[in-house]
Each structure stands twice: as C-alpha cells, then as structure tokens.
Amino acid sequence: MEVRVFFFLQGLVSMKNNFRWLADKSNLISICAVSTYLAMVFLSLFVKQDFLRFSAILFQISVSCTIILFLLVKLFKVQKKNKSMGILLGNKRNQMSTLMNMLPDMVWLTDDKGRYSRVNRVFADEIDLPESMILGKTSDQVWSRDTADKLSKYDDIVLSKNKTVQYEKSLKDANGNQGWLEIKKTPIVDDNKNIAGFIGIARDISGRKNAEDERKELAAHLRQSQKLEAIGTLAGGIAHDFNNILAAIMGYTEITISEITPDNPLFKRMERVLKAAHRGKDLVNQILTFSRQHEQQKQLVRMDLIVEEALALLCPIIPKSIQILSYNSGDVPTIYADPSQIHQVLMNLCTNSAYAMREKGGNLDLRIETCDLDESNRYIYEGLPSGKYVKLTVSDTGPGIDPRIANRIFEPFFTTKKLGEGSGMGLSVVHGIIKSLNGAIILTSEPDKGATFQIVIPKEEEVLKEEQLRSKLVSSGNERILFVDDEESIAEMAGEMLEKLGYEVISLQNSMEALDIFQKQHAKFNLVVTDLTMPFMSGEELAKEILSIRSDMPIIMCTGFSEVVSPEKAKKIGVKEYIMKPFLHEELAATIRKVLDTPSA
Ligand SMILES: Nc1ncnc2c1ncn2[C@@H]1O[C@H](COP(=O)(O)OP(=O)(O)OP(=O)(O)O)[C@@H](O)[C@H]1O
Ligand SMILES: [Mg+2]
C-alpha cells in the first residue's frame, strides 16, 4: 500500500511539476498522455489483479522516467538558449559600440538620472577623458558649466515627459573657436514601459551655420547696394539738371556783381546768392560722385603715395590730440583709379574719424596691405570675385558707430551732425567711388571701441616706378613758393601743408616783408600765393609789384566771399588763378599744381 501511495504522490508531484509546461503546450498529445497516466495510477491503486497492477506501475515508472528525461532535456535546452542569448546580447553590445564609434557625431546614453551609461569615442575625445572616467557621471561633472548647461538642456523634459527633443546651440571649442551643435535626444523605454534613460546625439553644424550666415550677409549687402543704387540713380538724375540751373544762377549773379558797386545794397545780397550757389554746386558734385556719374580720370596709381599726400594735407588741420599712424605692408599697392577720387575717399574717412575724436583725442590708423580674396573670405567683402586686392584700413579710437545707425551711414544725407555742420554726403561719396572701382567698403564698429572702415580695391599687377606715379598725382611738387597771408593760422598751416607735399615754402604774414624778400631772391621762386585783403599793402598791389619785377611770375590770389574777383579783374591784375576762402587744402594744392603745370604764355 505504501508503495502505491508513494507512486500516487510521486505521480501528482510530477504532474504538478509538468502541468505548467503541459498547459503551456496544450496540445492533444499532452492531454492524452496525462489521461493515460491518470488511468494507470488508478489501475495501480485499485485493481486487484497483480499482473495489471504491475503493468500499470511499470507504465507509470516509464512515463515518469520519460517526463524526467524530457524535463532534463528541456532544462538543458533553456540553458543553452540563455547562453547563446548572452552571446548574442554581447555581440549586439559590441556592434552598437562599433556603430557609435563610427559616427562622426557625439553620441551618449544616460540612465534615468541623466548619468552617462555609454559614450562614443567622439564624445570622449571632445572631453579628453577615457570612457571609464565619464561613465556614471552627470554632464556638469565632466563639462564646463556653460557647455553642461547647453548639452543638458531639456534632459528633464526627455526623462519626465517621454518626449524627443531637438535644438541648436552655439558653443566654443577648446581653442576658443565658436561653433554650432545640433542636439537631439530621445528617451529609452524598458519592457515595463518605464523611461530608463535617453540617447543623445550632437552634430557639428558649424559649416551649415556659417554658410547660412554668409548667405544672410551677402543678401544684406545686396539689399544695401540696391537701395543705394536706386537712390544714386534718382539723385544723379536730379543733380545733372540741378547743375545746369546752378550754372545759370552763378553766371548771372557774377555778372550782376561785376556791374554794381560794393556800396549798392544789392551787392551784399548778390554775394550771399553766389555763396549759396557755390555750396549747392559742391553738393551737386558730391551727389554726382556718389551716383558714379562723375567723369573719372582713371590711371594706375599707388595707394601708398596717395595716402602720403592726403596725410600731408590732413596733418595741419587735425587737432594735436589725435595721433596719426600709418602702416604700409611693403607690397606695391597699385590700383586703377582716379587719384583725386581716392584722395577724396581718404579725406572723408579721416575727417570723419577726426570729428568723432575731436573732444577726447585718440589714434587714427591707416594701413595699406595687399590681400587675397577666396571662397573663404570673399563673402565678407560683399561677395567680390576672388583675386588679389589692395586693402586700405582706416580705424579710429573714437566713440564708434551705434549698430542702430550702422546700416544707414552710407545713405546720402544721413548725418548725426548738427544742422549746418555736415551734409551727410561724405560716406555716400566714398561708397560711390569704391563701387565704381569694383571694390567694397565694410564697417566694423562697436560703441566706445572706435570705428574701422576696410576698403578693398582690385590690385593691378603692373608696377610703376615711384617717380612715374608721383608726377601723375595731382598736387605734390618740389617747386619754391612764396606764401603771404596776414592771418597767422592760415600762413602757418598752408606753409606746413605745402612743405609736406614736397614744396619749398616761405610763408609770411607781412606783404611788405614778402615784397622785400621777392626783390632780393626773385629768381628762386616759382610761384606766389597771396591773400587779397592785407594791411599796409593789399594782395592786388603786391601782385602788381611782383609782376613789375618778374612779369612771368605765376600768382594765385586768395579771396574772401566779400572780395569777389571776377575773371576779367583777375586777368587785369595779372594773376593766373584765384581761390575763394575758406579753401580746402586739397583745393589749394590742386590749384598750385594747375598753375605750375600750365606753361606761361
Ligand atoms: N569714424 C566715425 N566714428 C563715428 N561715427 C562716424 C564715423 N564715420 C562716420 N560716422 C557716422 O556716419 C555719419 C555719416 O557720415 P558722413 O561722412 O556720410 O556724413 P557727415 O560726416 O555727417 O557729414 P559730411 O561728411 O558731409 O561732413 C556721421 O554723421 C556719423 O554719425
Ligand atoms: Mg563726413
């Protein structure tokens, strides 16, 4: 009986043990096997015949053995499967590492607390730490604060809200270069649908960003150029007609003035008309230059020599509190341009800087160098074609230009000066000239850090000798000049300026003394420049005396607005040219050259 109970229990245990598997299988064969087994257990317990009982017990033993064997085989198979799964998982991990390391982007995985659980090689290289020292740490433990803030932005959203995020951030690399990253993070969800961490990818998009910036910059340049072009066309059209109107006003005013005496009440009024008309003419000239409708006398010129000459004119009029420094890289900066226009460019830029620094003083730097424009930098200069250029940089240490007005300064009539102090045409004229030379001008400025204007003009390969070029420049020379003006500041300034241009100058304030020197050394002088109104002896008297000593002596007369000398009167006195005060230094220099270069009749 004990034996039977034992077998019955054993039968139940094996049934219980195998029930799950059998239930899992739930196939017909399993059910049949179980039924047969139960029948055999019943037989072994309750059938009296020994043969049948013995057979049933034997069947039970054999079935139990089969089931045990079967279970053992199954267990073995499960273990084998687990092992191969382990190998497979291990392989997958390796494959993933290989894949992560092959990517050119930074890739990292974190746990649900944002601690790094895996990082790829690019990531480790970027921090310059081995992977083992990164794992288990959070971003602020391995990156600088700024970088960590940018890299870990939105981590909480990814981890708490199961959302994928994508954003762009600018970052500085180890060398301090500014770059851009596109960062994407997506959550990792485990089998129970819990967020186990996230996977992050950061891609370097600096190239794309730079290209976008370049495109934007070029588009802005284009818009600005088109705007100025349109204003130029409009203004240029009006200026031409206006010039003709002004010529008529000036001509008739001059005739009227020559026909009335200074005591006539109309005399003063006519003078005012003439003065205003002159100002109008200057303005029209500037508009014509800006709209590139001015006749240009282009020739090969050397930028360094024009700068030298402009500085000679500028130095005397620029306050001593402003230090002028000029630098020349040593290359021969030859360009094809109208020298007087380049002169104008320099004068306008430098006077703007001097005006900006008039109160506090500062430095005015002029640099000339040659440069190559290529695909990497030509977008900076309004997208000019690649090639060799001469670059002129004028920078000052003044208050700089407010970014809010920076894109307006090249517009004609834009000025921040008080009414009557400036026309606002200076930079528009500069812009027009540079454009007509197929060059570009760009401004870089920050408030309180001064302003820098960079000009690039195509470089000419033909190299001319210095003397050849000097003779082509408008206003320098080496002749001997007697300069007379009773006003001390004018006599001093003009003397200094003309000496800088290469002339030998004797500058005096007393006309009697001037006549005395001329009498003694008349053979040494090539030209006399004299003011008209002076005490003791007027310019007119001095001119007569000088011409009585040397009838071929060229004389230039400087007159004020209230001392208009008509061409007829000037001719009668015997002076070659007259210029109206206050004159620009370049105007004086150009008039001197004109007189000296005109052969005497
Ligand atoms: N170096 C500079 N520093 C600061 N501001 C400047 C400088 N150069 C130009 N600007 C600004 O640009 C404006 C326009 O200059 P632009 O030369 O065209 O006219 P302007 O100097 O005002 O008048 P004008 O040249 O007719 O005397 C100036 O009024 C000034 O606000
Ligand atoms: Mg100006």
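Treat the numbers as computed from the prediction; the structure is a model and nothing was measured.

Here is what the cut-offs are and how they apply
Residues numbered from 1 in each chain as written. Chains lettered and ligands numbered in written order. Predicted model: local features only at pLDDT ≥ 70, side-chain atom pairs only at ≥ 80, totals over all residues. Heavy atoms only, no water. Helix = DSSP H or I, 4+ residues; strand = E, 2+ residues; numbered from the N terminus. Buried < 20%, exposed > 50% of the residue type's maximum accessible area, 1.4 Å probe, protein only. Contact = heavy atoms within 4.5 Å. Patch = residues over 30% accessible without salt bridge, like charges linked within 9 Å, V, L, I, M, F, W, Y side chains within 5 Å. Areas by Shrake-Rupley, 256 points an atom, 1.4 Å probe, with all protein chains shown as cover. Salt bridge = Lys/Arg side-chain N within 4 Å of Asp/Glu carboxyl O. Pairing = 2+ DSSP bridges. Axes fitted to C-alpha atoms, helices over the stretch in contact; angles between N-to-C directions.

**Student:** Teacher, can you tell me more about the side chain of aspartate 531 here?
**Tutor:** Take aspartate 531: it is sitting in strand E15 (residues 527–531). For aspartate 531, a relative accessible area of 3% translates into the label buried. Here aspartate 531 is in contact with Val484, Asp485, Asp486, Gly539, Met557, Cys558 and Lys581, once residues within four sequence places are set aside.

**Student:** Help me understand a nonpolar patch on the surface in this model?
**Tutor:** A cluster of nonpolar residues, Leu234, Ile238, Phe242, Ile245, Ile249 and Val273, forms a patch on the protein surface that exposes about 540 Å² of accessible area. If you tally residues by element for the nonpolar patch, the top one is helix H9 (residues 206–259), at 5 residues. Inspection of the secondary structure assignment puts valine 273 in helix H10 (residues 265–290). Residue valine 273 is classed as partly exposed on the basis of its relative accessible area, which comes to 33%.

**Student:** I tried to follow the sheet that holds strand E14 (residues 504–508) on my own but got confused; where do I start?
**Tutor:** The pairing of strands in a sheet happens through backbone hydrogen bonds and is either parallel or antiparallel. Taken together, the 5 strands give an open sheet; going across it, the order is E14-E13-E15-E16-E17, and neighbouring strands pair in parallel fashion. Bordering the open sheet on either side are E14 and strand E17 (577–580), each of which pairs with just one other strand. Each strand of the sheet is rotated relative to its neighbour by a mean of 15°, with strand direction disregarded. Running over the sheet, helix H16 (residues 488–500) touches strand E13 (480–484) and E14 and is turned about 180° from E14. Seen against the sheet, helix H17 (residues 511–521) touches E13, E14 and E15 and runs at an angle of roughly 155° to E13.

**Student:** Looking at this structure, I do not really get the environment of phenylalanine 290. What am I missing?
**Tutor:** Note on placement: phenylalanine 290 falls in helix H10. Residues phenylalanine 290 and glycine 426, spaced 136 residues apart in sequence, show a C-alpha to C-alpha distance of 9.1 Å. When neighbours within four sequence positions are excluded, phenylalanine 290 is seen to be in contact with Leu228, Ile231, Gly232, Phe410, Pro412, Met425, Ser428, Val429 and Gly432.

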